[in-house]
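# An overview of the molecular structure
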Amino acid sequence: MDVFGTMQDAFGQGVSAVKGAVSGVAVENLPFMRGFIRLCSDGWQEGWHERNGGNLSYRMTHAEVDSCKSFFYDVPSSWVKMSVQAKNLAGAYFAVTGAGRYMRNVQLDPSFNVGIVEINAAGDSWRLVWGLKDGGMPTSEFASHFLIHSVRLASADPTHRILYHAHPDNVIALSKIIPLDARIITRALWKAHTECIMVFPKGIGVVPCMVPGSMELARATSELMKTYDAVIWAQHGLFASGPDFDSTFGLMQTVEKAAKIHGLAIAMNGGSSEFANTITDDDLRAIARSLNLKVNEAFLS
Ligand code: 2HA
Ligand code: ZN
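Now for a description of the structure that goes with this document. Please read all numbers here as calculations on a predicted model, not as lab measurements. (Residues numbered from 1 in each chain as written. Chains lettered and ligands numbered in written order. Predicted model: local features only at pLDDT ≥ 70, side-chain atom pairs only at ≥ 80, totals over all residues. Heavy atoms only, no water.)

Moving on: the overall build of the chain. Helix and strand counts for the chain stand at twelve helices and nine strands. Against the compact-globule benchmark of 19 Å for 301 residues, the chain has a radius of gyration of 20 Å, which places it among compact chains. In terms of overall dimensions, the chain has a C-alpha envelope of 65 × 40 × 35 Å along the principal axes. Of all 301 residues assigned to the chain, the portion counted as buried reaches 52%. Partitioning the contacts of the chain with sequence separation of at least 6, the portion at a separation of at least 24 is 75%. Total accessible area on the chain is roughly 13,100 Å²; 52% of this is exposed by carbon and sulfur atoms. Charge separation in the chain, taken as the distance between the mean sites of 26 positive and 29 negative side-chain charges, equals 2 Å. (Helix = DSSP H or I, 4+ residues; strand = E, 2+ residues; numbered from the N terminus. Rg over C-alpha atoms; globule rule 2.2 N^0.38 Å. Buried < 20%, exposed > 50% of the residue type's maximum accessible area, 1.4 Å probe, protein only. Contact = heavy atoms within 4.5 Å. Areas by Shrake-Rupley, 256 points an atom, 1.4 Å probe, with all protein chains shown as cover. Lys, Arg positive; Asp, Glu negative; His and termini not counted. Charge placed at Lys NZ, Arg CZ, Asp CG, Glu CD.)

Here you go:
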C-alpha cells in the first residue's frame with residue numbers, strides 16, 4: 001500500500017534552497033540534531049543498518065522548532081496526505097530519516113539524509129520544511145512512527161519523543177527460533193542477563209512477519225506500543241521508544257545483547273535451552289524489588 005497517497009505530486013511545488021545568511025546555530029549543530037546524528041552513527045557502527053535499513057524519528061519541542069525556524073525552507077513542500085490520522089499530533093514537527101537514505105551517511109550529510117516535517121492541523125498530512133534535499137521524503141516506516149508517536153503521547157508515555165527502528169542481527173535470529181509470544185520472548189531475554197529486567201520491566205512485544213512499511217505493520221505495532229517500550233518485528237528487526245537518545249539506543253542495544261547471549265548460551269549448550277544455571281523468577285523478583293521496578297507481573301511465574 002502507498003502510505004503517502006499523493007506522493008507523486010507532493011513536490012510539484014519544488015523546495016527552495018536553504019536560506020542564505022541566517023543567524024543562530026545551524027540545525028545540524030543544535031543539541032537534539034547532534035543526538036539524532038550520533039544515534040544514527042552508533043547504530044551504523046553496531047552493524048544494524050545495512051544499506052538503507054532502519055529509521056529514526058524525533059518529536060521536537062516548541063523551543064527546538066523555534067530555534068530551527070530561521071533555517072526552514074522559504075517554500076516548504078506541498079502537503080502529503082497519509083493513510084493515517086492522529087489529532088494529537090496536529091502541528092507537531094518531527095526530525096526523521098529519509099526513505100531510501102542510509103544511516104551510514106547521516107553524519108556526513110545530515111540535511112540530505114534527515115528532514116524536518118510539519119504535521120497539518122488535521123493531523124493527517126506532512127510537509128517538508130527542512131532537509132531531505134533533492135526530493136527526499138520521510139522513511140517508508142513513517143506511518144508506524146506517526147501512529148506510535150500518537151499512542152505514546154496520548155497514553156503510554158508522553159515523555160517518549162524518540163522512535164528508533166533497527167535491524168540487529170541477534171534479535172532477528174532469535175525471532176527464527178522462538179515462539180512469537182511476548183511472554184516467552186521476554187522471559188528468555190530477562191533471564192539472559194540481570195540487566196534486562198531493569199531496562200525493560202514492561203517486557204518486549206512481538207509482531208509476526210509483516211510487509212515492511214505496511215499499514216498492517218504500523219497498526220499492529222502501535223497497538224503493542226501502548227504496553228511495551230520495544231516491539232520485535234519478526235524476521236525484520238526491533239522498534240524501540242524512549243525519552244532521550246541515550247536511553248533509546250541503550251534499549252535497542254540491551255535487547256540485542258540479551259538476544260545474543262541467549263543464542264550463545266544455546267550454542268554452547270549443544271542446541272538446548274535447558275541451561276545448567278539461569279536467572280530464576282525469584283531472582284527477577286528480587287531485582288525488581290531492590291529497584292522498585294513496576295514489572296509486568298503476567299510475565300513472571
Ligand atoms: O528504512 O528498515 O523497515 C528501511 C527499513 C524498513
Ligand atoms: Zn526495517
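Now, onward.
Looking now at helix α2 (residues 31-46). End to end, α2 covers 22 Å across 16 residues, agreeing with the expected 22 Å (1.5 Å per residue, within 8%). Just downstream of α2, Gly47 is the residue with a positive phi angle, here 85°. (Expected span 1.5 Å × (residues − 1).)

Here the structure, examined in full by the defined rule, presents ten salt bridges. With a closest N to O distance of 3.6 Å, Arg38 and Asp42 form a salt bridge. Of the two residues, Arg38 and Asp42 both sit in helix α2, four residues apart, roughly one turn of that helix. Of the residues examined, Arg38 reaches a relative accessible area of 53% and is grouped as exposed. The residue Lys202 makes a salt bridge to Asp229 at a minimum N-O spacing of 2.9 Å. One end of the pair, Lys202, is in the loop between α9 (196-199) and β7 (205-207); the other, Asp229, is in the loop between α10 (215-224) and β8 (230-233), with 27 residues separating them in the sequence. Look at Lys202 and you get partly exposed, because its relative accessible area is 31%. (Salt bridge = Lys/Arg side-chain N within 4 Å of Asp/Glu carboxyl O.)

A sheet is described by the order of its strands in space; here nine strands give the open sequence β2-β5-β4-β3-β1-β6-β9-β8-β7, paired in mixed fashion. Two strands lie at the open edges of the sheet, namely β2 (80-81) and β7, each paired on one side alone. Strand direction decides the pairing type here: strand β6 (residues 162-166) and strand β9 (residues 237-242), joined by five bridges, are antiparallel. Its bridge partner being in β9, Leu163 is matched across the sheet by Ser241. (Pairing = 2+ DSSP bridges.)

The next point concerns the coordination of the zinc ion (ligand 2). Around the zinc ion (ligand 2), the protein contributes the donor atoms His165 (NE2), His167 (NE2) and His236 (NE2), at 2.0 to 2.1 Å from the metal centre. For the zinc ion (ligand 2), the donor residues sit on a single chain with the sequence spacing H-x1-H-x68-H. Here the residue His167 occupies a position in the loop between β6 and α7 (169-177), and His236 occupies one in the loop between β8 and β9, the gap between them amounting to 69 residues. Per residue, the accessibility class of His167 equals that of His236, and both read buried. (Donors = N, O, S within 2.8 Å, 3.2 Å for Na, K, Ca; no water.)

Of all five residues in strand β1 (residues 55-59), five are buried; the element is thus mostly enclosed. As paired strands, β1 and β6 are joined by four bridges and run antiparallel to one another. Opposite Ser57, over in β6, you have Leu163 as the bridge partner. Pairing geometry for β1 and strand β3 (residues 93-97), over three bridges, is antiparallel. Along β3, the bridge assignment pairs Arg59 with Phe94.

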